[in-house]
Each structure stands twice: as C-alpha cells, then as structure tokens.
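# Understanding the architecture of this molecule
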2 protein chains.
Amino acid sequence: MSDREEHGFTLDPRLAADTAFVADWELSRVLLMDDARFPWLILVPRRKDLVELDDLATHEQAQLLSEIGRAMAALRNCAPCDKLNVGALGNIVRQLHVHVVARREDDLAWPGPVWGSGAATRYGQAGREALIANLRR
Amino acid sequence: MSDREEHGFTLDPRLAADTAFVADWELSRVLLMDDARFPWLILVPRRKDLVELDDLATHEQAQLLSEIGRAMAALRNCAPCDKLNVGALGNIVRQLHVHVVARREDDLAWPGPVWGSGAATRYGQAGREALIANLRR
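Residues numbered from 1 in each chain as written. Chains lettered and ligands numbered in written order. Predicted model: local features only at pLDDT ≥ 70, side-chain atom pairs only at ≥ 80, totals over all residues. Heavy atoms only, no water.

### As for the packing of helix 2 (residues 58–78) of chain B against helix 3 (residues 125–136) of chain B
Residue and element names in this part refer to chain B.
- The N-to-C vectors of helix 2 and helix 3 enclose an angle of 125°; their axes lie 9 Å apart at closest approach. For the element pair helix 2 / helix 3, the angle class is oblique. Here the hand of the crossing between helix 2 and helix 3 comes out right-handed. Every residue of helix 3 that contacts helix 2 at Ala74, Leu75 and Cys78 is listed here: Leu131, Asn134 and Leu135.
- A per-class count over the contact of helix 2 with helix 3 returns five nonpolar, one polar and no charged. (Axes fitted to C-alpha atoms, helices over the stretch in contact; angles between N-to-C directions. Helix = DSSP H or I, 4+ residues; strand = E, 2+ residues; numbered from the N terminus. Parallel < 35°, antiparallel > 145°, perpendicular 65-115°, else oblique. Left-handed = near helix turned anticlockwise from the far one by under 90°. Contact = heavy atoms within 4.5 Å. Nonpolar A, V, L, I, M, F, W, Y, C, P; charged D, E, K, R; others polar.)

Laid out in structure tokens, this is it:
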C-alpha cells in the first residue's frame, strides 16, 4: 500500500532524507537514522496530521508504546548499550515521530542528548544494510 | 504514605534537588523542574528499581502514557507553547523519569533540546508556588 493510500500518511521529506527504511509495523514506519555515531531508530505513526503524542487516539498511543518497546528490544539485540533514550521532540520536524536511541557511556555525546550533538556521520552502504538486516530479525 | 512504604520507592536525590513537588498521581510523582526558562514537568513512576520504560509492566506503561497526556494538558493550560517535548533519557539520573516540557519558538534553547542547554534559572518562591498551584488545577 502506498503512503498516500494509507490514512493519507506521507513521510516528512526531512525525515526521509536523514534515514533509511527498516520496516512498517502495525502503526509505525520504522526508520534507521543514518548516523553511525548512535544506533538510532525513529518510529513514525502512519497517520496524517499528527504532531503531539496526544493527537493519537488512546488505543494508538498504546500501540505506539508497544512498538517503542519493540524498537528498544531490537536495538539491544544489535547494539550493546548502557541506556536507551526515548524522545518525542518535533521542534524542527513537526510530523509526530519518536526517537529510540541506544546510548553508550563512551559515545560521542554522552551524557548529553543526541539531538543537537553535531553533524551525522553517515553509515557506509554495507554497514547500513547489515544493521538493517539485523534490526529486522 | 511515605515513599518507603509505597513499593519501596525513593526519589533520586538529584531529581529531588532540582525540582519541586507538584502532586502524586496514580502512578507517578509529578515534579516541577526548578528552571524558569522552560515550563517543565517530570513524572517519576513510584516503583523501585526502574530504569527503562520497558521495566514497567504493560498496564503501568499505559498508565504512564495517560499521565504524560495529563501533564501535557496541564502545561498547555499554564504556559502557551508551540510544541511539547517528551523524553525519557536517564543518562545522568538512572531512576526512570519522563520529561514533559513546554517549548516556545522564542525560548532560550529553541529548536534544540532543553537537556544540556546550560544552567537552570531557579524560580522565585512566589512564581514557583503560583505555577504549581496552577498546574494542580
């Protein structure tokens, strides 16, 4: 099903430009942030005109929470980490999206947040594809 | 009920030092970050030994989400804002806590995150008490 056929959802082009597609789960499009500094997934509920978490219906909020848990588990499996960071900010891209980031005490931004922590280091193609394959498992 | 009587919960002393008490909701202790730069609530589930969101049982995760929505509504009522930021980081204080922050496009950190954005400006006592009274309504 194309994005436009599915509840009028279209991915924000800035999110599309910064990420690679991982999967469509029941509610969310799952994206890998193309930044090799941090193992970092972004969940975008495939509904149109969402900005804030509470723009989602209650049952969809519960589904999103379940998918956040699934993203946390996927990251833990692929990337040993000391802490997971979860955030819905949206100051720059207003389309509702949730960051789930695996953090290590020796990563480049620790203990600060990843947001605003400098320019992304893109993955090489092979590394990106291997990680995505791993995340899908 | 004292903290120690309630599921062995004790508030992390760093969270206690940076915040003022607002209320105890069904699951969460609600705290006001003592930083007049940003209207900012912190929800701390009153359970012991929680670090990550998925350390909570599923029904408690749903309750936390409901309380996040309640915190968003309380902030909107007290502090006109352009965006709400919600985050569970925990890189410094590991005790599970969720930030809910009212952001304005003219605030001091916009469009960056509030975390790591410099030193807090404490409220005066009257301003803090007035805001807390407002948040409780």
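### Describing the pairing of strand 1 (residues 19–24) of chain A
Residues and elements named next belong to chain A.
- Both strand 1 and strand 2 (residues 28–33) contribute to a ladder of five bridges, which runs antiparallel. What sits directly across from Asp24, in strand 2, is Arg29.
- What sits between the antiparallel neighbours strand 1 and strand 2 is a turn of three residues. (Pairing = 2+ DSSP bridges.)

### Observations regarding the sheet that holds strand 1 of chain A
- Read from one edge of the open sheet, 10 strands run 1(A)-2(A)-3(A)-5(A)-4(A)-4(B)-5(B)-3(B)-2(B)-1(B), paired in antiparallel fashion. Each having just a single partner strand, strand 1 of chain A together with strand 1 (19–24) of chain B make up the two edges of the open sheet. The mean inter-strand angle of the sheet, taken between neighbouring strand axes irrespective of direction, is 20°.
- As defined by bridge partners, strand 4 (residues 83–88) of chain A adjoins strand 4 (residues 83–88) of chain B across three bridges and the pair is classed as antiparallel.

### Section: the relation of the copies chain A and chain B
- Between chain A and chain B, the superposition needs a rotation of 180° and an axial shift of 0.0 Å, giving an RMSD of 0.0 Å. In symmetry terms, the pair is related by a two-fold rotation axis. Residue A:Gly87, judged by its C-alpha, is the member of chain A lying nearest the rotation axis, at 2.0 Å.
- A high fraction, 100%, of the interface residues of chain A reappear at the interface in chain B, so the copies pair face to face through one surface. (Least-squares fit on C-alpha atoms with pLDDT ≥ 70 in both.)

### Section: the environment of A:Ala126
All names here are of chain A.
- Examined against the element boundaries, Ala126 turns out to sit in helix 3 (residues 125–136).
- Classification of Ala126 by relative accessible area gives exposed; the value is 61%.
- Sequence separation of Ala126 and Glu26 is 100 residues, and the distance between their C-alpha atoms is 28 Å. (Buried < 20%, exposed > 50% of the residue type's maximum accessible area, 1.4 Å probe, protein only.)

### Section: the interface of chain A and chain B
- At the junction of the two partners, chain A supplies 30 residues and chain B supplies 30 residues.
- When chain A packs against chain B, close to 2500 Å² is buried across both sides, 53% of that on carbon and sulfur atoms.
- Taken together, the connections running from chain A to chain B amount to six salt bridges.
- Here chain A is connected to chain B by 20 residue pairs in polar contact (both at pLDDT 80 or more).
- Secondary structure elements with two or more residues in the side of chain A that touches chain B: helix 2 (58–78) and strand 4 of chain A.
- With seven residues, the top contributor of residues to the side of chain A that touches chain B is helix 2 of chain A.
- Here the side of chain A that touches chain B is built from residues that sort into 15 nonpolar, seven polar and eight charged. (Buried area = accessible area lost by both parts, 1.4 Å probe. Salt bridge = Lys/Arg side-chain N within 4 Å of Asp/Glu carboxyl O. Polar contact = N/O pair within 3.5 Å; in protein donor to acceptor, adjacent residues only side chain to side chain.)

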